[in-house]
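One-letter residues, chain by chain:
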Amino acid sequence: MTASGTTTTTRPATAWPLENALVSAALAARRVGWIDAPARALGLRPFTRQELTRQILGQVRRTASGRPTLLRTAFGTFLMPLDRDDATGLVAAAEEAGARGAVTVLTDRDGRLHLTPHAQLPVAASSLNGRVRKAADAEAHRLLAARQGDATLDRDDWRTAARRLARRIVLGDAAADDTLVSDILEATARAADDTELAARAAALSRRLAPYLEDVPAGEDVVVHALETVTRALTDTAAQALALVTCGRDAQDAVTEALLRYPPLAATVHRVDAPFVWDGLAVDAGTEILCATAWLRELDGSDDDGDEADYDDEPEDDADDLGDDAAEAEDPEDSDDLIDDGDLDDFGSFSGSRGVADEPGAALCAAPVPCAAADLGVLAATALVRALTRDAVPAVLAPRLDPGAPPAELPADTLRLALVNTGADAHVPADSKLTQTPPAGQSPAHYAALAAASARRLEGHARKLAEFARQPGFNHDAFGERCRMTLLNHAERCARAAADARRAADWLGN
């Protein structure tokens, strides 16, 4: 909504000092990852990060009557819309007025990261199905070959594979092993100021130059696509693989991962020129905090998102974005990545839902459909499908309840295993995993679980022993009894760990 029909304008209301302090506390709490576990263990769910954010934003919304409010926090001064439609409309109005400047994302772990400007792909994402499928199949083969002896996937191996696959999809096979491209892209996102950002962007431009010669798309398009696809593969695909263990198929798992754990839950849009939206005057220099994911939780509609039928499957030999990937797929390979949703010219799903409700909107901060985000969805789904075609995923940590996935599932905290189903020669022949027996899971699956239990028990034994060594137990007989009790518990944990380790070794062999 714009101000074309308004005759008077008002300035945004400022939140009360107490509300500013509470919002600052909520933003700070989101960076303290360990706060949720003790809160839940003590039955204090209102003190989890998600609930704190929801309660505080609910209070601000009530006092502001739902209108965008100026928040002066310890992390900056933000104009924050308190309704998802207002958030989308305000950012869209800034875009329409040519006032939307640089965009950053607020992350729970790394603070602010720079985002590349939105740029539209010259082709629909659906036309790249073939190339994505072929590249994802090859990368899945490499990942399965790189598993540990207990079938687990090392997080560093996953990140390396995700970045390599993103480079192959966006830049072509020639860039697949150029790790410096991804390193510079990540360093650019973490730039401390505008000077450093410009220097790193220039370095990225120089590094990309050889790969852009055959790509009929601008550098800004390629950089945005590379960043978006890398994000989808590095984080969303791993989260989706975990959700597959809860009974989802690959397509639904990716969609649910994007809606439950959006990579861009809260973005900050700098305003470079004054504009008016719905009678509200927004000055240049204002930073708009667009937190649609937080507002969805506030509205009580943080559900599975009505599955957006994203089905992506690729198969192809295109080398870069310039290849015409609209080749007809083999009818025999028609487990298409796109199921019952038609992609429009931008590659996003048409329908009654707004842009902010589409799964792809979690990958791009622009207030319009983004084909690069849809390409990220295609790539993530293709990788999950390729990995689960010949292997059964298992989550060793954290524990997942199939009926109630956790509110947060950071990709870098996941410990995943892929157990060979023995269904296809696609699995490397030199894998240490055995064929699945007629019923139940394979021995390697249970070996992985036993090994994980052994590690946890060893950790408990170590922590108990360390705690028992504290000098506070030296003062009296009661302290000594407490120490001996702790040491006895530590010994029992160590014995149980040894038993679990032996069981894991036996199952693994």
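Trainee: Help me understand the overall build of the chain, please; the structure alone is not making it clear to me.
Mentor: Helix and strand counts for the chain come out as 14 helices and 12 strands. Of all 509 residues assigned to the chain, the portion counted as buried reaches 50%. A separation threshold of at least 6 residues defines the contact pool for the chain, and within that pool the share at least 24 residues apart is 72%.

Trainee: Help me understand the nonpolar core, please; the structure alone is not making it clear to me.
Mentor: In a soluble, globular protein the nonpolar side chains are often hidden away together inside. Counting 77 residues, the largest nonpolar core has W158, L171, L375 and L387 as the members making the most contacts within it. Broken down by element, this core gets its largest block of residues, 15 residues, from helix α9 (residues 219–244). The contact partners of L375, leaving out residues within four places of it in the chain, are L121, A125, L128, V132, I169 and V229. Formed by 37 residues, the second largest nonpolar core is a distinct cluster that contains F78, M80, W277 and L295.

Trainee: Explain helix α5 (residues 129–145) here, please?
Mentor: A rise of 1.5 Å per residue sets the reference length of α5, with its 17 residues, at 24 Å; its end C-alpha atoms lie 24 Å apart and thus fit the reference within 8%. Tucked inside the fold, the buried residues of α5 contact β6 (152–153), α6 (155–171), α12 (371–389), β11 (391–397) and β12 (415–420).

Trainee: Help me understand the pairing of strand β7 (residues 267–271), please; the structure alone is not making it clear to me.
Mentor: Consecutive side chains of a regular strand alternate in pointing toward one face of the sheet and then the other. With 4 of 5 residues buried, β7 lies mostly within the body of the structure. Sheet analysis places strand β4 (residues 100–107) next to β7, joined by 4 bridges and oriented antiparallel. Across the sheet, the residue bridging to R100 is V271, located in β7. Where β7 lies against strand β10 (residues 287–290), 4 bridges are found, and the strand directions are antiparallel. Within β10, the residue paired with V268 across the bridge is L289.

Trainee: Would you mind going over the packing of aromatic side chains with me for this structure?
Mentor: For any two aromatic rings, the description comes down to two numbers: the centre-to-centre distance and the angle of the planes. Overall, the coordinates contain 1 aromatic pair when judged by the stated rule. Pairing F467 with F473 gives two aromatic rings, centres 5.5 Å apart and planes at 85 degrees, and the pair type is edge-to-face.

Trainee: Sorry, what's going on with the sheet that holds β6 here?
Mentor: Paired through backbone hydrogen bonds, the strands of a sheet run either parallel or antiparallel to each other. Spatial ordering of the open sheet is given by β6-β12-β11, a layout of 3 strands whose pairing is antiparallel. Each edge of the open sheet is held by one strand with a lone partner, namely β6 and β11. Packed onto the sheet, helix α13 (residues 443–468) meets β11 and β12 and runs at close to 10 degrees relative to β11.

Trainee: How should I be thinking about the pattern of salt bridges in this particular structure?
Mentor: As a working rule, side chains carrying opposite charge can pair if their charged atoms are close by. Tallied over the entire structure, the rule returns 27 salt bridges. Between R100 and E95 there is a salt bridge whose closest N-O contact spans 2.6 Å. Using a relative accessible area of 17% as the deciding quantity, one classes R100 as buried. E95 sits in the partly exposed class, given a relative accessible area of 37%. Here R389 and D137 are joined by a salt bridge, their closest N and O atoms 3.3 Å apart. Remark: D137 occurs in helix α5 and R389 occurs in helix α12; sequence separation between them is 252 residues.

Reading guide: rules and limits
- Residues numbered from 1 in each chain as written.
- Predicted model: local features only at pLDDT ≥ 70, side-chain atom pairs only at ≥ 80, totals over all residues.
- Heavy atoms only, no water.
- Helix = DSSP H or I, 4+ residues; strand = E, 2+ residues; numbered from the N terminus.
- Buried < 20%, exposed > 50% of the residue type's maximum accessible area, 1.4 Å probe, protein only.
- Contact = heavy atoms within 4.5 Å.
- Core = buried A, V, L, I, M, F, W, Y, C linked by side-chain atoms within 4.5 Å.
- Expected span 1.5 Å × (residues − 1).
- Pairing = 2+ DSSP bridges.
- Phe/Tyr/Trp six-rings, centres within 6.5 Å; stacked < 30°, edge-to-face > 60°.
- Axes fitted to C-alpha atoms, helices over the stretch in contact; angles between N-to-C directions.
- Salt bridge = Lys/Arg side-chain N within 4 Å of Asp/Glu carboxyl O.

Scope: geometric values only; no functional claims are made or implied.
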